[in-house]
Amino acid sequence: MAVPGKAAFHLPPLPTIGEIIKLFRLKAQKQLSQNFLLDLRLTDKIVRQAGQLKNAHVCEVGPGPGGITRSILKAGVEQLLLIEKDPRFIPGLQMLSEAAPGKVHIVHGDILTYKMEKAFPKHLKKNWEDEPPDIHIIGNLPFSVSTPLIIKWLENVSKKDGPFIYGRTQMTLTFQKEVAERLTANPGGKQRSRLSVMSQHLCAVENCFIIPGQAFVPKPEVDVAVVHFTPLVQPKIQQPFELVEKVVRSVFHFRRKHCFRGLETLFPESGRLKRTEQLMMTANVDPTLRPFQLSMSQFRNLCDTYRKMCDEDPGLFVYNYREELKQKKKTRKLIRSTSEPEQTEEENHL
């Protein structure tokens, strides 16, 4: 809804994105998995998936040469925060900032470490139970960053901190098509994974549309999907993020085997079989199911039961299966080295 007395915002004539790339001699860096989207019809379509942006506050992650940035500004936002790690893109973004006086704030920094708790005005905060605040996160994410970043933001959703200190902030982000399929996969689907459970237990996740690889410069080897996230009022599993993540990771540890095998890794070797049986029986989960077949309610039962077992045995949660394997490997090496006969000087020389 337009604010009375406020004229619709229009960008003045600007060089095209292609011209910006030539002007500043920008080249996508393979090691940063950068891909530019030059077609403004597609950038407009991405921005439309975010919803109504008129007078909203938006954070764009990794704007690069500024294609999506232009579409966000055309949508009539109140304020736009740009977080860009690569200094080569800053001059082109400053040109956009000058074309939209007072609307754009550019931060040269890494989104993985940037503190978003103070990124937006306090008056935008809403209660978690209310409608989402007038704040949006939008980004064409580099493939190398997308998965660790969404895991970090899902943890923020769980703890209601970071960009979610303002309420149920919505996100519209790009991922490799395969990652997007994992994020939205249903139980029983081939792509069902740890990412599916962690995202869907905290957010409503929608795979909006596919962008073919040839739309990007340089062309990636895979297609790209646009995914929209809206945090849920109530998570589907009412347990701390770290506990849910540990249980889900364990279940998918041996993806092709029965879920019993993965859940065993939650327990120390001593008493492992008995405690795994106890967990599955109490949670009422069939031990012969494959990890991708488990429903969200079965994951909830497993997490709730594991929490009770941790409450009864406070040392259980800190147990690390991988560390136990490392220690066993070290011990075996030590035994072998002490049991081997000492070599003579001649043998050492040979």
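Per an unreviewed UniProt entry, the chain is named rRNA adenine N(6)-methyltransferase, and its organism is Antrostomus carolinensis. Under Sequence similarities (unreviewed entry), UniProt gives the following word-for-word description of the chain: "Belongs to the class I-like SAM-binding methyltransferase superfamily. rRNA adenine N(6)-methyltransferase family. KsgA subfamily."

Trainee: How do you make sense of a positive patch on the surface when you look at a structure like this?
Mentor: Together, Lys-329, Arg-332, Lys-333 and Arg-336 make up a positively charged patch on the protein surface. With respect to the helices and strands, the residue Arg-336 is situated in helix H12 (residues 321–339). In this structure Arg-336 comes out as partly exposed when scored by relative accessible area, which is 48%.

Trainee: Would you mind going over the pattern of salt bridges with me for this structure?
Mentor: Throughout the structure, instances matching the rule amount to 14 salt bridges. The closest approach of N and O atoms between Arg-194 and Glu-245, which form a salt bridge, is 2.3 Å. A residue pair is termed long-range when its members are at least 10 positions apart, and Arg-194 in helix H7 (residues 194–200) and Glu-245 in helix H8 (residues 241–251) qualify at 51 residues. Taking relative accessible area as the criterion, Arg-194 reaches 27% and is therefore assigned partly exposed. Among the salt bridges present, the one from Arg-307 reaches Asp-311, with a minimum N-O distance of 3.4 Å. Separated by 4 residues within a single helix, Arg-307 and Asp-311 lie in helix H11 (residues 296–312), roughly one turn from each other.

Trainee: Explanation requested: the domain arrangement of the chain in the structure shown.
Mentor: Looking at the chain, the domain boundaries give domain 1 (17–23 + 31–231) and domain 2 (241–333). On a C-alpha basis, the centroid separation for the pair domain 1 and domain 2 is 34 Å. Each side of the interface is counted separately: domain 1 has 18 residues, and domain 2 has 14 residues. In total, about 1300 Å² of surface goes out of reach between domain 1 and domain 2, with carbon and sulfur atoms giving 69% of it. In terms of surface lost to domain 2, no three residues of domain 1 exceed Arg-192, Arg-194 and Met-198, which account for 40% of the buried area on that side. At the boundary of domain 1 with domain 2, the tally comes to 2 salt bridges. Taken together, the elements giving at least two residues each to the side of domain 1 that touches domain 2 come down to helix H5 (143–159) and H7. Along the lines of polarity and charge, the residues of the side of domain 1 that touches domain 2 split into 6 nonpolar, 7 polar and 5 charged.

Trainee: Honestly, the side chain of Asn-140 in this entry has me stumped. Any pointers?
Mentor: The topology assignment puts Asn-140 in the loop between strand S5 (135–139) and H5. From its side chain, Asn-140 meets the backbone oxygen of Asn-35 in a polar contact 3.4 Å long. Here the side chain of Asn-140 touches Thr-174 through a polar contact of 2.9 Å, side chain to side chain. Once you skip the residues sitting within four places of it in the chain, Asn-140 turns out to touch Asn-35, Val-61, Gly-62, Ile-68, Thr-174 and Phe-216.

Trainee: Just to check I follow, could you spell out helix H3 (residues 67–74) for this structure?
Mentor: Every α-helical turn comprises 3.6 residues, leaving residues that sit three or four positions apart pointing alike. For H3, the buried fraction is high: 7 of the 8 residues fall into the buried class. What H3 keeps buried is the set Gly-67, Ile-68, Thr-69, Arg-70, Ser-71, Ile-72 and Leu-73. Downstream of H3 by a residue or two, Gly-76 has a phi angle that is positive, lying close to 85°.

Trainee: Explain the state of the cysteines to me, please; I cannot follow it from the model alone.
Mentor: Here a disulfide denotes a covalent bond joining the sulfur atom of one cysteine to the sulfur atom of another. Within this structure, the stated rule accounts for 0 disulfides. Unpaired in terms of disulfides, Cys-303 finds its nearest cysteine sulfur in Cys-310, a separation of 10 Å. Judged by its relative accessible area of 0%, Cys-303 is buried.

Trainee: Looking at this structure, how should I read the UniProt feature "binding site: S-adenosyl-L-methionine" (unreviewed entry) in the chain?
Mentor: Under the present numbering, the feature "binding site: S-adenosyl-L-methionine" (unreviewed entry) in UniProt falls on Asn-35, Leu-37, Gly-62, Glu-84, Asp-110 and Asn-140. Position of Asn-35 among the secondary structure elements: in the loop between helix H1 (17–23) and strand S1 (36–37). Excluding residues within four positions of it along the chain, Asn-35 makes contact with Asn-140, Phe-143, Phe-216, Val-217, Pro-218, Lys-219 and Pro-220. You can see Glu-84 is positioned in strand S3 (residues 79–84). In this structure Glu-84 touches Gly-62, Pro-63, Gly-64, Phe-89, Ile-90, Leu-93, Val-107, His-108 and Gly-109, once residues within four positions along its chain are discounted. At a separation of 2.8 Å, a polar atom in the side chain of Glu-84 contacts the main-chain amide nitrogen of Gly-64.

Trainee: Is there a simple way to explain the side chain of Arg-272 in this structure?
Mentor: Turning to its location among the elements, Arg-272 is positioned in helix H10 (residues 272–283). Under the relative-accessibility criterion, Arg-272 is labelled buried at 14%. Only 2.8 Å separates the side chain of Arg-272 from the side chain of Tyr-319, close enough to count as a polar contact. In this view, Arg-272 contacts Glu-264, Phe-267, Tyr-319, Tyr-321 and Glu-324; residues no more than four positions away in its chain are not counted.

Trainee: Mind showing me how you'd approach the environment of Glu-117 here?
Mentor: Note that Glu-117 resides in the loop between strand S4 (104–108) and S5. C-alpha separation for the pair Glu-117 and Phe-164, spaced 47 residues apart in sequence, amounts to 8.0 Å. Once residues lying within four places of it in the same chain are set aside, the contact partners of Glu-117 are Gly-162, Ile-165 and Tyr-166. Among the polar contacts made by the side chain of Glu-117, one reaches the main-chain amide nitrogen of Gly-162 at a distance of 3.5 Å.

The rules behind each value
Residues numbered from 1 in each chain as written. Predicted model: local features only at pLDDT ≥ 70, side-chain atom pairs only at ≥ 80, totals over all residues. Heavy atoms only, no water. UniProt positions renumbered as here; feature names shortened; annotations may be inferred. Patch = residues over 30% accessible without salt bridge, like charges linked within 9 Å, V, L, I, M, F, W, Y side chains within 5 Å. Areas by Shrake-Rupley, 256 points an atom, 1.4 Å probe, with all protein chains shown as cover. Salt bridge = Lys/Arg side-chain N within 4 Å of Asp/Glu carboxyl O. Lys, Arg positive; Asp, Glu negative; His and termini not counted. Charge placed at Lys NZ, Arg CZ, Asp CG, Glu CD. Helix = DSSP H or I, 4+ residues; strand = E, 2+ residues; numbered from the N terminus. Buried < 20%, exposed > 50% of the residue type's maximum accessible area, 1.4 Å probe, protein only. Domains from an automatic or database assignment. Contact = heavy atoms within 4.5 Å. Buried area = accessible area lost by both parts, 1.4 Å probe. Nonpolar A, V, L, I, M, F, W, Y, C, P; charged D, E, K, R; others polar. Polar contact = N/O pair within 3.5 Å; in protein donor to acceptor, adjacent residues only side chain to side chain. Disulfide = S-S within 2.5 Å.

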